[in-house]
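Understanding the architecture of this molecule
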Amino acid sequence: MDKFIIEGGYPLKGEIAISGSKNAALPLMAAALLADGETSIENIPGLNDILTFNNVMRVTGARIDYDQKAQTLNINPDNLYYPEAPYELVRKMRASFYMLGALLGKVGKAKVSLPGGCAWGPRPVDLHIEGLKAFGADIKLDKGYVVASVPEGGLPGGTYTLNPSSVGATVNLLLASVRGKGTCIIKNAAKEPDVVQLCDFLQQMGADIEGKGTSKLVVKGVSKLNGVTFRNASDRIETGTYMLLAAMHPESDITLKNTNPEDLGEFAVWFKKTGATYEIDGRDMKIISPEKIKPVSVITEIYPGFPTDLQAQWAILMAMAEGEAHITDTIYPDRFSYIPELARLGADVSVKNNSAVITGGQQLTGTSIMSTDLRASVSLVMAAMYAEGTSEVLRVYHLDRGYEGLEHKLNKVGARIKRVEE
Ligand code: UD1
C-alpha cells in the first residue's frame, strides 16, 4: 500500500490539465455494450475504477481495448455471450451495477452481484430494481445476485418515479430501456451533466429519448443501436477540487486547462461567496485566490446544487476561513470520516448528525492521517499541503481510483508530495 509524504505551506503556480471524467465515463462504457459494432470513447482517464470496469465488461465476452496513453477506449460487444457480473469484481466498485441495465438492454437477461458494502435496505439499489420491475422486467434476488430478464421482444415499458432522485438508478433505467419494445417514462430523473452526456451518447447511437436535462425522461424503445465515436467530458469534480486547492493560498496562481465550467452548477456561486473568484477563457479557468477566506456554510443537494463529491474538499477551505462554517450532507449523511483526521492536524471541527462544524483559522500542523474513501483522501492531501511541517497520508489507493496523476500534476505546480510504499 502506498502513502504520501507531504511538506506543507507552498503556494501553487502554473497550469493543471483536467482529466476526463470518471463518473461520466462509466455510464458511457456500459452503454457501449448496447451497440451493434464497435464504439470508440476518447478522453478516458487512466484510473483504477476505469480499469476495474474494463475487466467487468470483459467477463461478458465483449472486446475491450484501452490505450491509456491516447486515453481512448474501444469497446466491441459483438461477441457478448455471458451476461453476468461476478461479486469478485462488482464488490470493488458500485458502478459495476450499471451492468444490470446494460445487459438487460443488450441480451434481455442479466445476473449481476449486488454491490459490495450495501444491503438491500439502507444504502440501497432498491430504486434500480423497482424501476426495472415497473418497466416490465422480471427480477429475483438469489444468493446475493440480482437475476433479471425481460419478456420476449424487449422491455414492455411503463412509468416510474424515482424518490429520491438518483443518478445511478436513472442511468440503469436508461440503459435497460433504450433498446426496449415499449415506452419507459422516468419521473424525477437525475439532471446531472453525467446523465445528460449519457443521453447525448445514446441519442448518437440511435436512441429515442425526450426530456434530456429535465426531471422527466421519455424513452421510446428502438430495436437497434449503432457503435459511435464520442469524446467524454472533463471531470467537474477534479475541477472543483483544484479550484478549492488553488483558493487556499493567497500566493497561488493556478490555471486549470480543459475544464467545462458550465458543468459545475451552483458550486461556482458558492465558491465566489468565499472571496475567491475565477476568469474563464474558452476551456481555461484561472483561479484568483482571496487575501482572506470568508466562512460559507453549504448543504449538498442534487444537481445543480452543491455536490456531495465536493463537501470534504470544501471543509479544508473552511478550516482556513476566519469564523464558523457548517457543511450538511443530505445525499450521504455519514460522509464525514475525514473530520477526526482533520482534528489530528489541529483543526477545530466536530460532527453532529449529518452536519460538520468547522471553526477556521487554526494553524494546522503536519502529522500522520489516514484516508478512508476517495473524496476524503483528496481532502486530507489538501489539508496536509496547507499544514505546517511534514504529514503522511496513509492508504492513498483511494485516490488512484479517481484522481489521475494527482501527485505529478500538483508537484509540477510547486507541491511537495512524495509517494512511498508503506
Ligand atoms: C452520487 C451523487 C453523484 C456522484 C456519485 C459518485 C447525487 C444525487 N448523486 O451518485 O452526483 O457523482 O454519488 O460519488 O448527488 N438511493 C436510494 N435507492 C437507490 C439509489 C439511491 O435510496 O436505489 C438514494 C441514495 O442513498 C442517496 C440518493 O438516493 O441518498 C442519491 O443516490 P444516487 O444519486 O443514486 O447516488 P450515486 O449514483 O452514488
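Residues numbered from 1 in each chain as written. Predicted model: local features only at pLDDT ≥ 70, side-chain atom pairs only at ≥ 80, totals over all residues. Heavy atoms only, no water.

Observations regarding the overall build of the protein
Let me state the cut-off plainly: By the criteria applied, helices consist of DSSP H or I runs no shorter than four residues and strands consist of E runs no shorter than two, each listed in order from the N terminus. Radius of gyration here uses only the C-alpha atoms, and the compact-globule reference equals 2.2 Å multiplied by the residue count raised to the power 0.38. Whether two residues are in contact is decided by their heavy atoms, any of which lying within 4.5 Å being enough. The Shrake-Rupley method, run with a 1.4 Å probe sphere, supplies the accessible areas, and residue values consider only the shown protein chains as cover.
The helix and strand inventory of the protein stands at 14 helices and 24 strands. For the protein, whose C-alpha radius of gyration is 22 Å, the value lies close to the compact-globule estimate of 22 Å for 422 residues. Dimensions along the principal axes, computed over C-alpha positions, put the protein at roughly 65 × 45 × 40 Å. Sequence separation of at least 24 residues holds for 73% of the intrachain contacts in the protein that already meet a minimum separation of 6. Within the structure as shown, the protein displays about 16,500 Å² of accessible surface, and the carbon and sulfur contribution to it stands at 47%.

Things to note about the domain arrangement of the protein
Keep this limit in mind: Per the annotation, domain bounds derive from an automatic or database assignment of domains. Values labelled buried area give the accessible surface lost by two parts on being combined, using a 1.4 Å probe and summing over both.
Split by domain assignment, the protein resolves into domain 1 (2-19 + 234-421) and domain 2 (22-231). Summarising the inter-unit geometry, the C-alpha centres of domain 1 and domain 2 are found 31 Å apart. Facing the 17 residues of domain 1 at the interface are 15 residues of domain 2. When the two sides are added together, the surface that domain 1 and domain 2 hide from each other amounts to roughly 1,300 Å², 46% of it contributed by carbon and sulfur. In terms of surface lost to domain 2, no three residues of domain 1 exceed Y303, R401 and E404, which account for 42% of the buried area on that side.

Some points on the environment of D329
Heads up, the rule is: Burial classification: accessible surface area is computed with a 1.4 Å probe over protein chains only, and a residue below 20% of its type maximum counts as buried, one above 50% as exposed, and the rest as partly exposed. Each polar contact in these results corresponds to two N or O atoms within 3.5 Å; when the atoms are within protein, one needs to be able to donate a hydrogen and the other to accept it, and residues that are neighboring in sequence are counted only if both atoms are side-chain atoms.
Within the secondary structure, D329 sits in strand β19 (residues 323-329). A relative accessible area of 0% places D329 in the buried class. Each residue touching D329, except ones within four places of it in the same chain, is listed here: T300, T308, Q311, R335, F336 and N354. At 2.9 Å, the side chain of D329 forms a polar contact with the backbone nitrogen of I331. A polar side-chain atom of D329 sits 2.9 Å from the main-chain amide nitrogen of Y332.

Focus: helix α4 (residues 98-107)
For α4, the buried fraction is high: nine of the ten residues fall into the buried class. Once α4 ends, the next one or two residues include G108, with phi positive near 80°.

Some words on the sheet that holds strand β12 (residues 208-210)
Cut-off, in case you're wondering: Strands qualify as paired when DSSP identifies two bridges or more between them. Here an axis means a line fitted to C-alpha atoms, over the contact stretch when the element is a helix, while the angle between two N-to-C directions is reported on a 0 to 180 degree scale.
As summarised here, the arrangement of the four strands in space is β10-β11-β13-β12, forming an open sheet in which the pairing is mixed. Each having just a single partner strand, β10 (158-161) and β12 make up the two edges of the open sheet. Ignoring strand direction, the axes of neighbouring strands in this sheet form an average angle of 15°. When β12 meets strand β13 (residues 216-220), the two strands line up antiparallel, connected through three bridges.

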